[in-house]
Amino acid sequence: MTMSPTTKPPAESLTLTIDGKDVSCRSGQTILDVARENDIDIPTLCQLDGLTTWGGCRLCLVEIAGSSKLFASCATQCTEGMNITTQSDRLLNYRRMILEMLFSERNHICAVCVSNGHCELQSMAQKLGVTHIHLPYRYPKLTVDSSQDRFRLDHNRCILCSRCVRVCGEIEGAHTKDLKGRGIKTFVINDLDQPWADAKSCTTCGKCVHVCPVGALTERGTAVSEMAKRRAFLPYLTSMREH
Amino acid sequence: MTPEDLHGTVLKQQAKHGNYQHVFNVCMESGCVSCNSAAVVEALEAEVKKRGLQKTVCIKRVGCLCSCAQGPMVALDKGDTLYKAVTAADAPAMLDALDKGGRVEHLDFSSKQPFFSRQLKVVREHAGYFDPEDLDDSIRVGAYEALRKAVTEMTPTEVITEIANSGLRGRGGAGFPTGLKWSTVAKNPSTPKYVVCNGDEGDPGAFMDRSMMEGDPHRLIEGMAIAAYATGANRGFIYVRAEYPLAVKRLTRAINQATRTGLLGSRIFDTKFAFEIELRLGAGAFVCGEETSLLSSIEGQRGLPRPRPPFPANSGLFGKPTLINNVETYANIPTIINKSAAWFSSIGTAKSKGTKIFAISGKVHNTGLIEVPMGIPLRDIIFDIGGGIPGGKKFKAVQTGGPSGGCIPESQLDIPVDYESLMSVGSIMGSGGLIVMDETSNMVDVARFFMEFCMSESCGKCVPCRVGTYHMHEILQRIYDRQGTPQDLALLQELCDMVKNTSLCGLGQTAPNPVLSTLRYFKDEYTNLIHSTPTTEVLP
Amino acid sequence: MTQSTTTTRSDPALRGGITPAKPRVATVWLDGCSGCHMSFLDLDERLFILAEKVDIVCSPVVDPKEFPPDVDLCLVEGAVSSHHDLEKAKLIRARSKVVAALGDCAVTGNVPAMRNFWEVEELFRRAYIENAEYPDTPEKRKANLPVLNVPPHERIARPLHEIIKVDLFIPGCPPPADAIFYVLTEFLAGRSPNITQVTRFGK
């Protein structure tokens, strides 16, 4: 366990090793940032540039030499001399298991999903070589909120990454979306767990729909495979705010 | 309050007490209150009044007298005479016995038995022999003397050095060195800083912190104030679960008393040191006992954990350096300051110093609250202090550390109770719940019970804990229902490893422990249930 | 037993037992829409290549009355939904060296598993009484609940690997013909296919 004072000196340059490759970065950068800058791919589902760190999907866990623990690369800042491993059999097994857990948790029926072909869960499963789900499926009976004119919330597809909650609160500033319940009974809600159409705080901006990695938040009127998400607005809005 | 005022109060209270020939200490903590100790107090008071003994006999409402299952408990004077299961109707007999110099036979509970004699009271040194709701009575037994000493005679660095030298480690379960944590917060130049007390005791079978908060709230406030002085904080929060209404009531009262008399607030003991405490109530989430969730909850957010690092010592409450310790850890502080680090570190083992309070329950003769020196063998706790297993049954396992802990079998009972030894046998010290099980307990059922607890208390933020605890519980239920297969067992082990290593916070990381420890020591109970599964028909 | 010309021609008995036997391949259709078999037929002219290399000993397009013994590779389409599916799956496992789940229904449960939120009885009532227009009254429809020719349904439809051990998974709805051909080619070459290179859930 390391504890160092969080003084904020001017960003100093650090050197570290990721997957055997020597890289340099500025202090304050996360492992994920630096890996991406160096074309090292670490899988993520909850992380999205422009939103605060969540650290819940656990796909981006990496190994750091000298510690038996795994670290979420989206939430761990680089330190001088770190030796990071982003790909190993152990990590791959855990990542596959996480995806299998998500598939088993709710009803992800890709073939009839409007997001089929545009879904991060689906493509991640393919990328990580998940051919089947060896955990028993839960088959929970869940609802679909179609009360809103333009958008739809399908709990069957939700993976609780909280991107919608964060974009709604942090970027749009409406905070219509939040989570209710806990554990396996956690759900995304609108306002005080009302039908979306009754959620007065919603500005119907649609940001939640477009940051949703799966087919949980979609535009109405889309048929199977038609719901492609458009995310260009997010880096644009974030950089506008920063400058 | 000035140092002189404090000393004056002590003298005044001691003189007042010297006038009493006898004191009846009646337990008024949750356990005894639930079996109506309030009526005992009233009956005794009425009887004293009737006999005109108000000047010589004192009836005191006190904290826990240890034998919670025998309540209502009453201790006479210094506790040489103990009465158990007292009712209001017993009041005349108890007063009669005073005159004769004897005891009431049918209520007598030997104070010489190992349950009492094997204990070592450091944190609970005065518990049960003063009124926790009365500030003056608390001061009489030494409350705030350590705070006075710290702020008027020591520098913050000296306080931290003293705590570090004492070898005190966090009593919340993980055993992180307290002095190191304090110095990290103290060194951080960022301000303001916060001192937080974790009173969200949620483990099944654990009630040490509740007892501390109900029975000696001023000690907790004092410990926090010393911590604030040492680390440079001016605001503190006590986070208590709302399921502890009596603790909430007494803490509120104690904070008000301390604030009114200037023991909290500005210019404490006539120095520049200022410190105030706010009480925050939990809303029934076990995960809020995890420090980062607790901080989120205090901030008014959903009680969800955050990835560490950054640790709260660097970026905690409202992003500021925050010292967060458990109730019992703070309660140790005044004693260390009063009696010195050297004295404290003479108790316990090489790496685990001082004493530990345990709530012992389950299949033992004596259940209740015990304080023992670190290093005492588990066997002594269960068979000497606990008095062994009732009903002629055989001991099977003892569960320590709640849902994060493990089950320790007979073969490991001779290990000393310290952080490392408990970890080496697959359990943890935890906050101090100690549940004894006899041969009638099925260990798969025990694992299933704890997994159900973790499943329903998982916050849902990270995938491994949210979904993994569900699947593990399903498998355990299946095995317990004799529907399990060898593949289920393999999958269970795979899930244990995965959830342990990939979960975001301590809840998920330790949730597999009860399964892992029962698999380690009682695997045959799993395989027996699986092999008694009706075999499926085999086709050609 | 009716057999296709393919199997007859390649029967070792007819060839005097001289040529080594070709791998015996079966394809089975459980609770699915037959789309996977359509995709299989989409191999088009590659079917001829395949026919040179294997014997299709059992298939909806071959139609033996009983699942044959000593199958080298069995491709199973569809989820396990009924008691019949369940028994058949066990029989397939017992008589096949390698079992492959073909398509999302067999791999994940997919659309057939969408009924799993309701009890079977509820499901039948919905399908055959509430949603039906003929016969003209609900009472008459009730009398026509399919009990005779429909095998009893399992409480839930499940993916194949929850019932029997499955050696190969070919996700997709349906898996593209190319993916099927790739798997068969790799299998015949004795290699283990890297299936997610060519297909995925919902493909």
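The structure displayed is predicted, hence computed values, not measured ones.

Focus: the overall build of chain B
Helix and strand content of chain B: 23 helices and 13 strands. Since a compact globule built from 540 residues should have a radius of gyration of about 24 Å, the 24 Å found for chain B is in line with a globular shape. With respect to the three principal axes, the spread of C-alpha positions in chain B is 95 × 60 × 40 Å. Put simply, of all contacts in chain B between residues at least 6 apart along the chain, 74% involve residues at least 24 apart.

A closer look at the overall build of chain C
Scanning chain C from terminus to terminus reveals eight helices and seven strands. Taking the principal axes of its C-alpha atoms as reference, chain C extends roughly 65 × 40 × 30 Å. Looking at chain C residue by residue over its 203 residues, the buried ones come to 41%. Here the contacts in chain C between residues at least 6 apart in sequence split such that 80% fall between residues at least 24 apart.

Section: the packing of helix α18 (residues 443–457) of chain B against helix α22 (residues 513–521) of chain B
All names here are of chain B. For the pair α18 and α22, the least separation of the axes is 8 Å and the interaxial angle reads 170°. The orientation of α18 relative to α22 falls into the category roughly antiparallel. In this structure, α18 contributes Met443, Val446, Ala447, Phe450 and Met451 to the contact, and α22 contributes Pro514, Val515 and Thr518. Within the contact of α18 with α22, the residues separate by chemical class into seven nonpolar, one polar and no charged.

Describing the sheet that holds strand β10 (residues 217–219) of chain A
Residue and element names in this part refer to chain A. Ordered by their spatial adjacency, three strands build an open sheet running β6-β7-β10, and the pairing between neighbours is antiparallel. Strands with a single pairing partner mark the edges of an open sheet, and in this sheet they are β6 (144–145) and β10. The pairing of β6 with strand β7 (residues 151–154) spans two bridges and is classified as antiparallel. When the bridges of β7 are listed, Asp145 appears paired with Leu153.

A few points about the pairing of strand β6 (residues 235–241) of chain B
All names here are of chain B. Most of β6 sits inside the fold, with six of its seven residues counted as buried. Note that strand β5 (residues 194–199) and β6 share six bridges and pair parallel. Directly across from Tyr194, in β6, lies its bridge partner Arg235. Here β6 pairs with strand β7 (residues 276–282) via seven bridges, running parallel. Residue Val240 lies in a different strand from β7, and its bridge partner there is Leu281.

Digging into the interface of chain A and chain B
Of the residues lining the interface, 27 residues belong to chain A; the matching set on chain B comes to 33 residues. Counting residues per element, the ones that place at least two in the side of chain A that touches chain B are β4 (70–72) and α2 (89–105) of chain A. Split into classes, the residues belonging to the side of chain A that touches chain B amount to 16 nonpolar, eight polar and three charged.

With respect to the interface of chain C and chain A
Accessible area lost upon the coming together of the parts serves often as the stated size of an interface. Taken residue by residue, the interface counts 22 residues in chain C and 17 residues in chain A. The biggest single contributor to the side of chain C that touches chain A is helix α5 (residues 104–108) of chain C, with three residues. Considered class by class, the residues forming the side of chain C that touches chain A number 12 nonpolar, seven polar and three charged.

Comments concerning the nonpolar core
Of all hydrophobic cores here, the largest spans 239 residues; its most connected members are Val26(B), Val196(B), Met224(B), Ile226(B) and Ala227(B). Beyond its immediate chain neighbours, meaning those up to four positions away, Met224(B) contacts Val195(B), Cys197(B), Gly236(B), Ile277(B) and Tyr330(B).

Notes on unusual backbone geometry
Omega for the bond connecting Pro309(B) with Pro310(B) falls within 30 degrees of zero, at 5°, which places this linkage in the cis form. Following Cys173(C), the chain continues into Pro174(C) via a peptide bond in cis, with omega recorded as -10°. Even without a glycine there, the phi angle at Asp39(A) is positive, about 60°. The residue Asp39(A) is located in the loop between α1 (31–37) and β3 (61–64) in this model. For Asp39(A), a count of 7 C-beta atoms within 10 Å puts it in the exposed group.

Some thoughts on the sheet that holds strand β1 (residues 24–29) of chain C
In sheet architecture, strand pairing relies on hydrogen bonds along the backbone and comes in two forms, parallel and antiparallel. Residue and element names in this part refer to chain C. Overall, parallel pairing links the five strands, which are arranged β2-β1-β3-β5-β7 in an open sheet. Whereas interior strands pair on both sides, the edge strands pair on one side only; in this sheet they are β2 (55–58) and β7 (168–170). Sheet twist, expressed as the mean angle between neighbouring strand axes with direction ignored, is 25°. Where β1 lies against β2, three bridges are found, and the strand directions are parallel. What sits directly across from Arg24, in β2, is Asp55.

Points about helix α8 (residues 177–188) of chain C
All names here are of chain C. Given a rise of 1.5 Å per residue, 12 residues ought to cover 16 Å, and the 16 Å separating the end C-alpha atoms of α8 matches this to within 8%. Buried within α8 we find Ala179, Ile180, Val183, Leu184 and Phe187. For α8, the buried positions fall inside an angular range of 130° around the axis, keeping them on one side. On its buried face, α8 is in contact with α2 (35–41), α3 (46–53), β3 (71–77), β5 (96–102) and β7. Directly after α8, the chain includes Gly190, whose backbone phi takes a positive value near 80°.

Re helix α14 (residues 327–339) of chain B
Residue and element names in this part refer to chain B. Burial analysis of α14 places 11 of its 13 residues in the buried class, the great majority of the element. Those residues of α14 that fall on the buried side of the exposure criterion are Val327, Glu328, Thr329, Tyr330, Ala331, Asn332, Ile333, Pro334, Thr335, Ile336 and Ile337. Just beyond α14, the residue with positive phi is Ser340, at close to 85°.

Things to note about the environment of Phe450(B)
Residue and element names in this part refer to chain B. Residue placement: Phe450 occurs in helix α18. Considered as a pair, Phe450 and Pro204 are 246 residues apart in the sequence and their alpha carbons are 8.8 Å apart. Ignoring any residue separated from it by four or fewer positions in sequence, one finds Phe450 in contact with Pro403 and Pro514.

A look at the confidence of the model for chain C
Regions with low pLDDT should not have their predicted coordinates read in detail. Residues and elements named next belong to chain C. Of the residues in chain C, 90% reach a pLDDT of 70 or more, and the chain-wide mean stands at 88. Contacts of residues 1–17 to residues separated by more than four positions or lying in other chains number 21 contacts, the stretch itself having pLDDT below 50. Interface predicted TM-score (ipTM) for the complex: 0.94; the corresponding pTM is 0.92.

Calculation criteria
- Per chain, the residues get numbers from 1 upward, laid out in the order the sequence is written.
- Following the order in which they are written, the chains are lettered starting with A and the ligands numbered starting with 1.
- Predicted model: local features are reported for residues with pLDDT of at least 70 only, side-chain atom pairs are reported and counted for 80 or more only, and whole-chain, interface and lining totals are derived from all residues.
- Note on conventions: DSSP H or I runs of at least 4 residues are helices, E runs of at least 2 residues are strands, and numbering of each starts at the N terminus.
- For this measure, only C-alpha atoms enter the radius of gyration; the expected value for a globule follows 2.2 Å times N^0.38, where N is the number of residues.
- A pair of residues counts as a contact when their C-beta atoms, built from backbone coordinates, are separated by no more than 7 Å.
- Between the buried cut of 20 or more and the exposed cut of 12 or fewer other C-beta atoms within 10 Å of a residue's own C-beta lies the partly exposed class, and all C-beta atoms are placed from the backbone.
- In this analysis, axes come from line fits to C-alpha atoms, helices being fitted only over the stretch in contact, and the angle between any two N-to-C directions falls in the range 0 to 180 degrees.
- Note on terminology: angles under 35 degrees are roughly parallel, angles over 145 are roughly antiparallel, angles of 65 to 115 are roughly perpendicular, and the others are oblique.
- Residues are grouped as follows: nonpolar covers Ala, Val, Leu, Ile, Met, Phe, Trp, Tyr, Cys and Pro; charged covers Asp, Glu, Lys and Arg; every other residue, Gly included, is treated as polar.
- Strands qualify as paired when DSSP identifies two bridges or more between them.
- Throughout this description, the term nonpolar core refers to a group of buried Ala, Val, Leu, Ile, Met, Phe, Trp, Tyr and Cys residues whose C-beta atoms join them within 7 Å.
- Between the first and last residue of a helix there are one fewer steps than residues, each counted as 1.5 Å, and that sum is the expected span.
- This arc is taken over the directions from the axis of the helix to the C-beta atoms.
- Scored between 0 and 100, pLDDT is the confidence that the predictor attaches to each residue.

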